[in-house]
Amino acid sequence: NALALHDELLKAAIERNGGYVFKTVGDAFCAAFSIAPDALNAAIEAQLGLKHQVWEETGELRIRIGLHTGMAQVRDNDYFGPTLNRTARLQSIAYGGQTLISQAVHELVRDSLPTSVELLGLGAHRLKDLNRAETVYQVLHAQLQNEFPPLRSLDSLPNNLPIQLTSFIGREQEMLAVKRLLSASSLVTLLASGGTGKTRLSLQVGADLLEQYPDGVWFIELAAITDPGMVGQTVADVLGIKYEAGRPITQTLIESIKTRTLLLIIDNCEHLVSACAHLAGSLLQRCPNLRLLVSSREAFNIPGEAIFRVPTLKLPDSKSKQTVESLMLYEAVRLFIDRATSVQPSFAVTNENAAALAALCSRLDGIPLAIELAAARARSLSVEEINSKLDNCFRLLTGGSRTALPRQQTLRALIDWSYDLLNEQERTLFARLAVFRGGWTSDAAESICTDEMVQDWEMLDILSSLADKCLLTAEQTAGRTRYRFLETVRQYAFEKIQATGELETLSMRHLEYFGKFAAEKSALLTGSSVQENLSLLKTEEDNFRAALSWGYDNSSLEAAQLAVWLGQYWYLSGSLLEGSDQLTVALKCVDVEGILELRADVLFQVGRIEIEKGDFHPAAAYLEECIVLCRQLDKKRRTASALNSLGIIAIHHNDLVVALALLEESLALQREIGNEEGVASTLCNLGNLMFDLGDYQAAQALVEECLAIEKKAGNKLGTVTALINLGNTLLHQGETLRAQSAVEESLAIARELHADWYAVYSLCSLARIKKDQGELSTAAALAADSLRIVREVGDKSAVASALVMLGQVANLQGEYSQSASLLCEGLTIQQEMGEKRDMLNTLEAVAGLYVAKMQHNGDSNAAKVDALRAINLLGAASTAKVSVGIPCSPLLQREIDSQLTQLRCAIDEEQFTSAWEAGRIMRLEQAVACALEANCEQH
């Protein structure tokens, strides 16, 4: 049969070229060669043999081949080790008919390639072993297929799985068991004490299953999170889902992922188990294609949970005589050897040290972290010496009862031992570093942890020494080195610093350092450096949270000042919920006399964030108090900014006379103090006000003045906003092409900056233009993209605008039920926010829906009902616009006049007049209630 012929061809090709088939798994062949050119020749011969073979009903059989070279362990006529694993990972990213080789093989064969063979560099690719990227080459042959899709490496699949600097040893059976559980259960919990390798096991399972989850495998680390309320936000941050104003974060997560197929790996849940269990239960009830793989020391105990207790690594019996060959059967030993050779390349297992190695691994209970810490000592100690010192340490801690040691106590004993082996400087710094959360840089460590005992010039050497001893890790990202504790080790170090009496001093330094850091980076959140500094601030979020938490209880004014400096970060990054919560606490810290300036700053920051959340009433109260204090203190810059923000609220509430007074006063102050950035912002808002008043030429002039200032200053975010507003004013003056050009320019800049929040308004404006041009599919796509982003950001007003735009497009596409749902959802948000202008525009959009339904309704009585409702709503909107002073733009008036003409043709004049008058006497609340009935009728 075909499979037998396949096996015969492969075996012959391997053996003719000096190879040895040491294992077959299904239809896979594992072969070893003495030299790399022989392996390459065998691969080419096998591919050619299959290509030229005449196949019958099965069709051509195509195979994937991966070639790699390196050291391997031999036992029972089989090979084991990282080289074998990497070869398998290389082969797994290929396609049928494709042969891939590693960089190591390339170096050995490139100068002796067979005729008609070439090597094509495919670049560096991360393989599923999660180690460093491998430079991959494809073997090309004139008679074989040479064109294939992109390789199926980690780089081509959605994930955030971190690079692992060490190899993954053993755990084959555990991986199979966890995969089986995941195929049957939506929640799998890995249970074990600290240091047993739960994290690494879950990451490797996730890497192996990447192709089963088209929407990605995502790693969520909770070790640095102390607030249960931040669990959902942390998951959302990893998935790129931001806070949605007015909705619980759990609901936002559900809406975003309920149709997606993805795996979430949630690590270190034990200290937040209740919050994690609640979130998991809520997500799994509503998201059928979601799988959760979590690690914890305590089960969630919710329905559907499958528990897998992660065992320690397989251990040799220390009482039995061991040889080098017999020891290699055990995962704990292989892990020790791998880590020991990484710090001491000359390390080797011999029959002389085999017994000591077996005893050492046994005494460490096969705990991976414990073994790695012990192996780090192979740099300067023999296995026998490590075993001897470890034995003495255990006796000291347990009174000689080694056999009854709980595993966590064993791990603590080993960390104690590693700690005791440090010199005085290393011990001091090790303990002090526990003040950090989520990692740190050497600069931060130098500023916070140095004194006459540990001097700044010694910092890098001591950090490197601690990393070499596996007590911390060093990670390089974007050219920067960042240090981090494993959480178990951090907790141990924290106990040490508590015992020294230095914690309060260090925490104060930590608060001061990150206060200065926030002040420096927040001052740079303008111009072309916005995204870079937002990224730097985001990296330190855990440290900011820790500093604020400690500071609110111990140094409240410094904590409040830090919150002020972070206000711009929370505002621009869309972290509105966290910003609001933190600044509200900060406000309580400055509720005393004598610190009025700081209180004014807190009031301004929290007021501005509340505006973006759409919570205008508390925002107004904060800003009004801010202005009172700033006038008292003669702080003109802050007064002007607060007046500007208060003017925005007045515009949203259609208090245009009040808005004009506020903005004009703001502009005068900004010009007086020479604050060009403030002048530009206020001009932009004045332009919005003139637009709302229907004076489009005045609006255009103001926006163009703003745009000139922003471009001169190189403020790209400000330029985006000005271009959007310019586009809107041009559109309402009939200059569609110029309007489109301005909006497209704004969108291009926003995307260049990766500023999704700003892109929202560009997308919505462009959607309106495309709708008016009849390009409905394009308009719908743009509006949908806008809605997706703005829900993440949490701007309620923009959410409503995007919903209404989508509803209008759906109406034009004949999707009346969908249109009603979208329009009414948008109208409900506008009603909650009290945005009268937008409510009236949406009432007219709902009237447009009734007109469209009337025209396509085959039932004359139902069509008449639709017509009467449309007239009611248009009459109500007309009266309300006059009463609140909202002009109707010529663009919109033409559309309304067209609808009224159609309605007059549908019913007699008496009915039209009666319905119109009935609408005119409606209160706004009644009209909104009538409009919301449109959604009820469709469902």
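It should be noted that the structure appears before, not after, this text.
The model shown is predicted, which means the values in this text are computed figures rather than measured ones.

A.B. asks: I'd like a rundown of the packing of aromatic side chains, residues and numbers included.
C.D. replies: Within the structure shown, the criterion is met by 17 aromatic pairs. Between Tyr513 and Phe517 the ring centres are 6.4 Å apart and the planes differ by 25°, which places this aromatic pair in the stacked class. Taken as a pair, Tyr513 and Phe517 lie in helix α20 (residues 503–522) at a separation of 4 residues, close to a single helical turn. The exposure class assigned to Phe517 is buried, which follows from its relative accessible area of 15%. An aromatic cluster is present here, built from Tyr419, Phe430, Phe436, Trp440, Tyr483, Phe485, Tyr492, Tyr513, Phe514, Phe517 and Phe544 joined pairwise through their rings. The lysine or arginine in question, Arg427, covers the ring of Tyr419, its NZ or CZ lying 5.5 Å from the ring centre. Across the ring face of Tyr571, the terminal group of Arg608 is positioned such that the distance to the ring centre comes to 4.0 Å.

A.B. asks: Talk me through the environment of Ala915; I want residue IDs and the actual numbers.
C.D. replies: Of note, Ala915 is situated in helix α40 (residues 909–920). Each C-alpha atom of the pair Ala915 and Leu874 lies 9.8 Å from the other, and the pair is 41 residues apart in sequence.

A.B. asks: Residue-level account of the pattern of salt bridges, with values.
C.D. replies: Scanning all chains against the criterion turns up 46 salt bridges. One salt bridge connects Glu704 with Arg738, and the closest N-O pair in it is separated by 4.0 Å. On the criterion of sequence distance, the pair formed by Glu704 in helix α30 (residues 696–713) and Arg738 in helix α32 (residues 736–752) is long-range, its members being 34 residues apart. Residue class for Arg738 comes out partly exposed when judged on its relative accessible area of 42%. Here the residues in one salt-bridge network are Lys538, Glu541, Asp542, Arg545 and Glu578, joined through shared partners.

A.B. asks: Give me the packing of helix α28 (residues 656–673) against helix α29 (residues 676–692): which residues, what numbers.
C.D. replies: For any two helices packed against each other, the geometry is given by the interaxial angle and the distance between the axes. Two elements in contact, α28 and α29, have axes separated by 9 Å at closest approach and are oriented at 155°. On the basis of their axis angle, the class for α28 and α29 is roughly antiparallel. At the point where α28 passes α29, the crossing takes the left-handed sense. Of the residues in α29, those touching α28 at Leu656, Ala659, Leu660, Leu663, Glu664, Ser666, Leu667, Gln670 and Arg671 are Gly678, Val679, Thr682, Leu683, Asn685, Leu686, Leu689, Met690 and Asp692. For the contact of α28 with α29, a count of residues per class yields 10 nonpolar, 5 polar and 3 charged.

Parameters and conventions
Residues numbered from 1 in each chain as written. Predicted model: local features only at pLDDT ≥ 70, side-chain atom pairs only at ≥ 80, totals over all residues. Heavy atoms only, no water. Phe/Tyr/Trp six-rings, centres within 6.5 Å; stacked < 30°, edge-to-face > 60°. Helix = DSSP H or I, 4+ residues; strand = E, 2+ residues; numbered from the N terminus. Buried < 20%, exposed > 50% of the residue type's maximum accessible area, 1.4 Å probe, protein only. Lys NZ or Arg CZ within 6 Å of the ring centre and 35° of its normal. Salt bridge = Lys/Arg side-chain N within 4 Å of Asp/Glu carboxyl O. Axes fitted to C-alpha atoms, helices over the stretch in contact; angles between N-to-C directions. Parallel < 35°, antiparallel > 145°, perpendicular 65-115°, else oblique. Left-handed = near helix turned anticlockwise from the far one by under 90°. Contact = heavy atoms within 4.5 Å. Nonpolar A, V, L, I, M, F, W, Y, C, P; charged D, E, K, R; others polar.

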